[in-house]
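# Summary of the model geometry
So the chains spell out like this:
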Amino acid sequence: MIYSLYKKEDFLQVEKLLKKGVKLEVIVGFKEISRFFSFDYQELKSLLEIFKDQKKVKVFLQWDVLMTESRFAAIFTRMKQLEIFSHPLLDGIRVQDPGALYALKEMDYPKEVHYIVEQGNHNLIGLKTWLDFWPTGIKRLV
């Protein structure tokens, strides 16, 4: 089951599902890099603690905001400083901006990458091209 956590109440629902033993894939985010999530990074970080000892859950950060180059550089630098890319409770990242995908490839991001392709390339040749761009990094097209 895939579950997106947009607000604090969603975390309570996930806690209930985890107590029932449901295997989950959870999508989280924070407002600087997401169109839908309203948390700031510190709020998200504290809410992620509910997954600390969970073996049946995979947690993915969603980065779905398209950015100008200058804003991207600032956000990417800040994410590195906050050590978001190496956060121990995150299993990977879902990314939509091709520039962000390229930056993750350049930094040799070691966790799972899910590339969000909702803005184009919906034919098989286009989708295969993205997989070929980073065959060891992209694990899923969303």
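The structure displayed is predicted, hence computed values, not measured ones. (Residues numbered from 1 in each chain as written. Predicted model: local features only at pLDDT ≥ 70, side-chain atom pairs only at ≥ 80, totals over all residues. Heavy atoms only, no water.)

### As for the packing of aromatic side chains
Condition: Classification of ring pairs uses Phe, Tyr and Trp, with its six-membered ring standing for Trp, and accepts pairs whose centres are within 6.5 Å; under 30 degrees between planes counts as stacked, over 60 as edge-to-face, and the remaining range as tilted. Numbering of helices and strands starts at the N terminus; helices are DSSP runs of H or I of at least 4 residues and strands are runs of E of at least 2. Only protein chains enter the accessibility calculation, which uses a 1.4 Å probe; a residue is then buried when its area is under 20% of its type maximum, exposed when over 50%, and partly exposed in between.
Summed over the entire model, instances satisfying the criterion amount to 13 aromatic pairs. Centroid distance Trp-63 to Phe-76: 6.2 Å. Interplanar angle 25°. Geometry classified as stacked. Of this pair, Trp-63 sits in strand 3 (residues 57-63) while Phe-76 is found in helix 3 (residues 69-81), placing the two residues 13 residues apart along the sequence. For Trp-63, a relative accessible area of 0% translates into the label buried. Its relative accessible area of 8% is what places Phe-76 among the buried residues. Measuring from centroid to centroid gives 5.1 Å for Phe-76 and Phe-85, while their planes differ by 45°, and the two rings are tilted.

### Section: the pairing of strand 3
How we decide: One requirement defines pairing of two strands: DSSP has to find at least two bridges between them. The path from the first strand over the helix to the second decides the hand: if it runs clockwise while the strands point away from the viewer, the crossover is right-handed.
In terms of burial, strand 3 is a largely internal element, six of the seven residues being buried. In the sheet, strand 2 (residues 24-28) pairs with strand 3 via five bridges, with the strands oriented parallel. The residue of strand 3 that forms the bridge with Leu-24 is Val-57. The parallel pair strand 2 and strand 3, bridged by helix 2 (residues 41-47), forms a crossover whose chirality is right-handed. Handedness of the crossover joining strand 3 and strand 4 (residues 92-95) through helix 3 is recorded here as right-handed.

### Some details on the pattern of salt bridges
Which entries qualify depends on this criterion: Definition used for salt bridges: Asp or Glu carboxyl oxygen within 4 Å of a side-chain nitrogen of Lys or Arg.
Taken as a whole, this structure holds eight salt bridges when the rule is applied. Its salt-bridge partner being Arg-35, residue Asp-64 comes within 3.4 Å of it at the nearest N-O pair. Of this pair, Asp-64 sits in the loop between strand 3 and helix 3 while Arg-35 sits in the loop between strand 2 and helix 2; the two residues are 29 residues apart in sequence, bridging distant segments of the chain. Owing to a relative accessible area of 1%, Asp-64 belongs among the buried residues under this scheme.

### Comments concerning the sheet that holds strand 2
Applicable threshold: Think of each axis as a best-fit line through the C-alpha atoms, taken over the contacting stretch in the case of a helix, with angles from 0 to 180 degrees between the N-to-C directions. Contacts: residue pairs with any heavy atoms within 4.5 Å of one another.
Strand order in this open sheet of six strands is 1-2-3-4-5-6, and the pairing throughout is parallel. Of all the strands in the sheet, just strand 1 (2-4) and strand 6 (138-141) have a single pairing partner and so form its edges. Within this sheet the neighbouring strands show an average axis-to-axis angle of 25°, counted without direction. Relative to strand 2, strand 1 is paired through three bridges, and the arrangement is parallel. Residue pairing across strands places Ile-2 opposite Glu-25, the latter belonging to strand 2. Lying on the sheet, helix 4 (residues 98-106) is in contact with strand 3, strand 4, strand 5 (112-115) and strand 6; it crosses strand 4 at an angle near 150°.

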